[in-house]
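Coordinates in review
If you want the building blocks of each chain, they are given just below.
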Amino acid sequence: MARTRERSRSPDPHQPLSPKRFKASHPTGPRLESIKPAQLTRDAASKFHNGLFDHQNISRHHSSYESNGPFKHVVVDKLFQDELLQNVKDECLTQLSFTEKETDIYKVNQTGDLASLNFLSPDQLARLPNILALRDALYSKTFRDFLQAVTGCGPLSGTKQDMSVNTYTRGCHLLNHDDVIGTRRVSYILYMPLPNYQMWQKDWGGALELYPVRKVEGSTREGADQWEPEPIPSKSIPPSWNQFIFFEVQPGKSFHSVEEVVVGGDGRERLSISGWFHTAQEGEEGYVPKPPSDVKSSREQLKESSTVFTGYPGTGESDTSIPDGLTSSDVAFLSEFLNPVYLQPRTMKALANRFVEESSLELHSFLCNDIAESLETRLRTLDIRDGLSSAERGGKIPGHTAGLDGADGNWEIRGPPHKWRYCHLKPRIGSPSSTPPPSSSSASAPAVRVRAEAVTPRAANPSAAANLRSLQDELFTSTPFRKWLSLVTKLVPMRHWVEARRFRPGLDYTLAMSEESEARLDVVLGLTPGKLEDEPGRGKYGWQSADWGGWECYMAPHDEEDDPAVYRSSVHKKAAAAAAAALSSKAPTNGNGKKSNRHDNDSSCSSDHSLSDVEMDEEEDSTLLTVLPGFNRLLLVLRDERVMRFVKYVSAAADGSRWDVCGEYEVGMVQEDDSGSEGSGGSERGHP
């Protein structure tokens, strides 16, 4: 794997950035004078919509707050005077600069921290009179008292302001989280969707999604129950002009996300001001030191691993020796699945030498032709049948149950969505994998009973699900494949966890997680079909350009004070650079005399496209490896402890689903003596 470098602190999904330069170059008004507190309170009230602070209105909002689900929240239809908000919108578009930021959890265009406007020059301040008026009104005592009366949240800070302007253009999104960081107490969003004279349509995306929670069985913290979100939101609120939504930030409860925006380029944008009210700070009236919470936040839960491994029959912890080679029966079994070129001793030796040096490999045309051709056709057909192909959806986001209700009934959703959401094959009753791992929720019917007997030839399996289950349950968990992995990595797989996965466009992803104390061998067989043909004059796009997401990314360990769910915006740039590097590759034969399948998204050399191959700025190089979706490609990565890994959200723009068979293997390391010879043992081989 590429060398790890220390990275600078990264912001969380909403955290305001350093102030940006304004677009205007000449002042348009006089210097703003400070407003005395009493005057500010009176002036602030006049900025809000008529009747907002009436006793009956406050009582109505309080009743709504108490009764709303899946967690307490309020939707205020009109917050500010319309003229003020129109002027704020104009200043945002003409005076502020937006920066596109993309991480594992979000993609958004964001301004600097509006709380930092106090540090700007008088000339700069003079260009933002309406934004300043809105900010001061929002954090005024009048409005903070209103929030406290509605929610019962306790005293809120008037000095710690935390807000920014965000615009969601086509492809922008924010995945599931609970907003729990520091002293945040109330989360809010004020909508200014564009164009403001046109009602925002539900089909355009951008809705705020709220999630119900379930108790995590057997998980307590100092006697308190722990909670996680269900995979499917129970409430969706599309944006509308001057609408204001707020809720109390609560660990294990306030889980929400922002649906991908699927329109843009024609003036339609989801423009908003969002941020938080914090608890009263030290020195302010009502300040009380924040006690530690008994309930874990989404950030804390991201640090927990829940993988349940299965051992190999007849092996023990002392069995850490690398085999001398494959037996004839091993070769006979593996030949039913693998491209025979990867079973040649010379090939395996060359791959092992490269893996020992780089800790990662990407092998193309990995499956034999018959299985690959059968799978590609069937996976395309399955997306069409389930309404998940781009032609079937017409660019819209599919429903959350898409792909679950087919005639075969083989798929269910894997959650919880603050860690991951994707479809996986329903476990076979009685199989070792029939029990879901801890901290994992699934949304579907009970597991189906499937045939246990093997089908030969393997391509004769009756469905795509049967093909995938054969790879998942027969190949990846087999002793011959364990031997093959050992020969090409010089590691010894001890236990395994394997899952066939489907990432649906507009819905699915995994967020960055890591193992805190142990290395893992990741083995991922990419099975994502490419585009059928290029569009004339459009050039390369889609999976190749990283525009559709779905790429597998490995990140350097984060600092303890950083949010583990958040990474630098260079990730997408490096994914695109990896895509560019892939375009120059050439396809090999598949080793059995036939030309290998060619797909437009297939970079077909038997090597990895690590970020060490791409020249990037030193300070941004926290990305260790980025691999784009492809068909019939096997990725092998030795993932060190604390190295973070995720699959980027698959955009609704994608042609169809991203498919793979993903395996994680606990490994015994091979010790090298001073002479370079290998010996078995439990100590680790040196690796990055």
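Structure report, in brief. (Residues numbered from 1 in each chain as written. Predicted model: local features only at pLDDT ≥ 70, side-chain atom pairs only at ≥ 80, totals over all residues. Heavy atoms only, no water.)

**Here we look at the overall build of the protein**
In terms of helices and strands, the protein carries 14 helices and 28 strands. Residues classed as buried in the protein amount to 58% of the 688 residues present. Residue pairs at least 24 apart in sequence account for 82% of intrachain contacts in the protein once pairs closer than 6 positions are excluded. As displayed, the protein has an accessible area near 27,800 Å², and 48% of this comes from carbon and sulfur atoms. (Helix = DSSP H or I, 4+ residues; strand = E, 2+ residues; numbered from the N terminus. Buried < 20%, exposed > 50% of the residue type's maximum accessible area, 1.4 Å probe, protein only. Contact = heavy atoms within 4.5 Å. Areas by Shrake-Rupley, 256 points an atom, 1.4 Å probe, with all protein chains shown as cover.)

**Some details on the sheet that holds strand E23 (residues 623-627)**
The antiparallel open sheet is built from 3 strands, whose spatial order is E23-E22-E25. Each of the sheet's edge strands pairs with one partner strand only, and the pair in question is E23 and strand E25 (644-647). With strand direction ignored, the average angle separating the axes of adjacent strands in the sheet is 15°. Sheet analysis places strand E22 (residues 552-555) next to E25, joined by 4 bridges and oriented antiparallel. Note on E25: the bridge partner recorded for Met555 is Met644. (Pairing = 2+ DSSP bridges. Axes fitted to C-alpha atoms, helices over the stretch in contact; angles between N-to-C directions.)

**Side note on the packing of helix H2 (residues 55-67) against helix H6 (residues 141-151)**
In contact at an axis separation of 8 Å, H2 and H6 are set at 50° when each is read in the N-to-C sense. One finds that H2 runs oblique with respect to H6. Contacts from Ile58, His61, His62 and Tyr65 in H2 reach Phe146, Ala149, Val150 and Thr151 in H6. Split into classes, the residues belonging to the contact of H2 with H6 amount to 5 nonpolar, 3 polar and no charged. (Parallel < 35°, antiparallel > 145°, perpendicular 65-115°, else oblique. Nonpolar A, V, L, I, M, F, W, Y, C, P; charged D, E, K, R; others polar.)

**Structural notes on the nonpolar core**
Phe366, Leu468, Phe476, Phe481, Trp484, Leu527 and Tyr665 are the most contacted members of the largest nonpolar core, which totals 53 residues. Beyond its immediate stretch of four places on either side in the chain, Phe481 contacts Leu334, Phe366, Leu475, Phe476, Val523 and Tyr665. Counting residues in each nonpolar core, the second largest holds 44 residues, with Leu138, Cys153, Val165 and Phe244 among its members. (Core = buried A, V, L, I, M, F, W, Y, C linked by side-chain atoms within 4.5 Å.)

**Observations regarding the packing of aromatic side chains**
Scanning the entire structure with this criterion turns up 24 aromatic pairs. Their ring planes at 55° and their centres at 5.4 Å tell us that Phe333 and Phe337 sit as a pair that is tilted. Between Phe481 and Trp484, the ring centres sit 5.6 Å apart and the planes meet at 10°, which makes this aromatic pair stacked. Taken together, the residues Phe481 and Trp484, both in helix H13 (residues 479-489) and 3 residues apart, mark about one turn of the helix. Each member of the pair Phe481 and Trp484 is classed as buried. Within the aromatic cluster, the residues linked to one another by ring pairs are Phe48, Phe53, Phe80, Tyr139, Phe143, Phe146, Tyr188, Phe244, Phe246 and Phe277. Here Arg184 stacks its cationic end above the ring of Trp276, 3.5 Å away from the centre of that ring. Stacked on the ring of Trp204, the Lys or Arg Arg268 has its end atom at 4.6 Å from the ring centre. (Phe/Tyr/Trp six-rings, centres within 6.5 Å; stacked < 30°, edge-to-face > 60°. Lys NZ or Arg CZ within 6 Å of the ring centre and 35° of its normal.)

**Concerning the packing of helix H9 (residues 345-358) against H13**
At a minimum axis separation of 6 Å, H9 and H13 run at an interaxial angle of 60°. Classified by the angle their axes make, H9 and H13 are oblique. Contacts from Met348, Leu351, Ala352, Phe355 and Val356 in H9 reach Trp484, Leu487, Val488 and Thr489 in H13. Each residue belonging to the contact of H9 with H13 can be placed in one class, and the counts come to 8 nonpolar, 1 polar and no charged.

**Focus on the environment of Pro427**
Positionally, Pro427 belongs in the loop between strand E17 (420-425) and strand E18 (442-443). Along the chain, Pro427 and Asn410 lie 17 residues apart, while their C-alpha atoms are 8.8 Å from each other.

**A look at unusual backbone geometry**
Among all residues save glycine, negative phi is the norm, and among peptide bonds the norm is trans. Of note, the bond from Leu194 into Pro195 is cis; its omega dihedral lies within 30 degrees of zero at -5°. In this fold, Pro195 is placed in the loop between strand E6 (184-191) and strand E7 (208-210). Residue Pro416 is reached from Gly415 by a cis peptide bond, and omega for that bond is 5°. Tracing the backbone shows Pro416 in the loop between strand E16 (411-414) and E17.

**Examining the pattern of salt bridges**
Summed over all chains, the structure comprises 32 salt bridges. The residue Asp383 makes a salt bridge to Arg502 at a minimum N-O spacing of 2.8 Å. You can see Asp383 sitting in helix H10 (residues 369-385) and its partner Arg502 sitting in strand E19 (residues 492-503), a full 119 residues away along the chain. Per residue, the accessibility class of Asp383 equals that of Arg502, and both read buried. Among the salt bridges present, the one from Arg520 reaches Glu518, with a minimum N-O distance of 3.0 Å. Given the relative accessible area of 4%, Arg520 is considered buried. Residues joined in a network through salt bridges with shared partners are Arg501, Asp522, Glu552, Arg639, Arg645, Arg658, Asp660 and Glu664. (Salt bridge = Lys/Arg side-chain N within 4 Å of Asp/Glu carboxyl O.)

**Section: H10**
The first and last C-alpha atoms of H10 sit 24 Å apart over 17 residues, in line with the 24 Å expected at 1.5 Å per residue. Inspection of H10 places Asn369, Ile371, Ala372, Ser374, Leu375, Glu376, Leu379, Leu382 and Asp383 among the buried residues, and these make up the whole buried set. Elements that come into contact with the buried residues of H10 comprise E16, helix H12 (464-475), E19, strand E21 (520-527), strand E24 (631-639) and strand E26 (658-668). At the exit of H10 stands Gly387, carrying a positive phi of roughly 70°. (Expected span 1.5 Å × (residues − 1).)

**Quick word on the pairing of strand E11 (residues 244-248)**
The two faces of the sheet receive side chains in turn, since in a regular strand these alternate between them. With respect to burial, E11 is a largely interior element, 5 of its 5 residues being buried. On E11, burial covers both faces: Phe244, Phe246 and Glu248 on one face and Ile245 and Phe247 on the other are all buried. As paired strands, strand E1 (residues 74-76) and E11 are joined by 3 bridges and run antiparallel to one another. Directly across from Val75, in E11, lies its bridge partner Ile245. Taken together, the 5 bridges between E6 and E11 define a ladder with antiparallel strand orientation. Bridge assignment links Ser187 to a residue of E11, and that residue is Phe247.

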